[in-house]
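If you want the building blocks of each chain, they are given just below.
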Amino acid sequence: MNYFFITGSSQGLGLSLTKLLLKDNNNFVYGFSRNNDFSHQNYQHTTLDLGDLNKVKTFQFPVLSNTDSIVLINNAGIVGDVNYVGKVNNDEIIKSYSINLIAPSILTNNFIASYTSSNSDKLILNISSGAGRSAIDGWNVYCATKAGLDMFSQVLKEEALINGSNLNILSLAPGIIDTGMQETIRTSSKEGFSNIERFIEYKENGDLAQPEDTATIVARFIFEKGLQQNVICSVRDVSE
Ligand SMILES: NC(=O)c1ccc[n+]([C@@H]2O[C@H](COP(=O)([O-])OP(=O)(O)OC[C@H]3O[C@@H](n4cnc5c(N)ncnc54)[C@H](OP(=O)(O)O)[C@@H]3O)[C@@H](O)[C@H]2O)c1
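A brief report on the enclosed structure follows. (Residues numbered from 1 in each chain as written. Predicted model: local features only at pLDDT ≥ 70, side-chain atom pairs only at ≥ 80, totals over all residues. Heavy atoms only, no water.)

### Re the overall build of the protein
Here's step 1: When its secondary structure is counted, the protein shows seven helices and seven strands.
Here's step 2: Beginning at the N terminus, the succession of helices and strands in the protein can be written as β-α-β-β-α-β-α-β-α-β-α-α-α-β.
Here's step 3: The C-alpha radius of gyration of the protein comes to 17 Å, within 12% of the 18 Å expected for a compact globule of 240 residues.
Here's step 4: Overall, the protein is about 55 × 35 × 35 Å in size when its C-alpha atoms are taken along their principal axes.
Here's step 5: When burial is assessed residue by residue, the protein has 50% of its 240 residues classed as buried.
Here's step 6: Taking as baseline every contact in the protein between residues at least 6 positions apart, the subset at least 24 positions apart corresponds to 68%. (Helix = DSSP H or I, 4+ residues; strand = E, 2+ residues; numbered from the N terminus. Rg over C-alpha atoms; globule rule 2.2 N^0.38 Å. Buried < 20%, exposed > 50% of the residue type's maximum accessible area, 1.4 Å probe, protein only. Contact = heavy atoms within 4.5 Å.)

### Thoughts on helix α6 (residues 196–204)
Here's step 1: Along α6, the residues classified as buried are I196, F199 and Y202. Here the buried residues of α6 occupy an arc of 115 degrees about the axis, which is enough to place them on one side.
Here's step 2: Looking at the packing, one finds that the buried side of α6 touches α5 (180–186).
Here's step 3: Directly beyond the C-terminal end of α6, a positive phi value near 70 degrees is found at G206. (Arc of directions from axis to C-beta.)

### Topic: a negative patch on the surface
Here's step 1: A surface patch of negative charge is lined by E197, E201, E204 and D207.
Here's step 2: By secondary structure assignment, the location of E204 is in helix α6.
Here's step 3: On the accessibility criterion, E204 (62% relative accessible area) is exposed. (Patch = residues over 30% accessible without salt bridge, like charges linked within 9 Å, V, L, I, M, F, W, Y side chains within 5 Å. Areas by Shrake-Rupley, 256 points an atom, 1.4 Å probe, with all protein chains shown as cover. Salt bridge = Lys/Arg side-chain N within 4 Å of Asp/Glu carboxyl O. Lys, Arg positive; Asp, Glu negative; His and termini not counted. Charge placed at Lys NZ, Arg CZ, Asp CG, Glu CD.)

### Thoughts on helix α7 (residues 211–223)
Here's step 1: Over its 13 residues, α7 extends 18 Å from the first C-alpha to the last, a length consistent with the 18 Å expected when each residue adds 1.5 Å.
Here's step 2: Where α7 is concerned, the buried positions are P211, T214, A215, I217, V218, A219, F221 and I222.
Here's step 3: Along its buried surface, α7 packs onto β1 (2–7), α1 (12–21), β4 (69–74), β5 (121–127), β6 (167–173) and β7 (232–234). (Expected span 1.5 Å × (residues − 1).)

### Let's talk about the pairing of β6
Here's step 1: Taken across its seven residues, β6 has seven buried, putting it largely inside the fold.
Here's step 2: Judged by which residues are buried, β6 turns out to be covered on both faces: L167, I169, S171 and A173 on one side and N168, L170 and L172 on the other are all buried.
Here's step 3: Pairing analysis gives six bridges linking β5 to β6, with the strands arranged parallel. Bridge pairing in β6 links N126 to S171.
Here's step 4: Where the polypeptide runs from β5 across helix α4 (residues 140–163) and back to β6, its parallel neighbour, the crossover connection is right-handed.
Here's step 5: Pairing between β6 and β7: three bridges, direction parallel. In the sheet register, L172 faces β7, and the bridge partner there is C233. (Pairing = 2+ DSSP bridges. Right-handed = clockwise from strand over helix to strand, strands pointing away.)

Here is the structure:
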């Protein structure tokens, strides 16, 4: 059995990935989010607010048996308060770092500690963003959290190589997807985000990928070893 732990499984990319993986009876998904109305015989949901770090800290990964592979997908993320520094809500800064960077770091730490003795293949797939790789005005904290996730992933890979562990790490930028996150971005103000019109046009011109299509490419990164050579990667690395 392949076991997947997916944060942000209630909607968007996380839900599409969950549904895609569950088409195969050999896959079992543990989903995490604040809301959930999805059910499946091979799906178990945990209600977890990733902004509540005390709850994240105490989450215990289950003991697993008959494992072929164990995969942690840190997918949940928020764009947060889109505004120039000096005008950003401080509570939103704390929330964004908590959900986008601190919670994935804690979950990864506990995941590695929990399954260190397992001989099965292990993969940590962090859902990053192009925004972690180039500066976008108004997205200061979001860009910083995704850049942090990229670097965290690279250090993790170094440690896995030194330890000779059967653990791989990817930090994958998923491209622009037609999800709730893009809806939130389109409600930003021009003063807080100079590129707002471009993002409205992405939607109007049909440039946003459907989450089901992005999930199909993300799944290739999970299952195709040939796509797992570089920690820092993008769905755009795969020719369609
Ligand atoms: N959409 C894009 O264009 C785009 C581009 C680049 C990168 N990404 C990245 O892709 C990933 C998925 O984003 P998406 O577009 O699918 O966004 P989405 O549709 O807004 O979904 C976000 C998911 O994160 C969960 N989440 C948010 N706050 C949470 C919290 N406090 N605790 C637990 N879960 C929480 C949500 O669940 P609940 O609300 O039920 O808690 C939801 O399942 C994110 O990491 C995002 O940064 C997206």
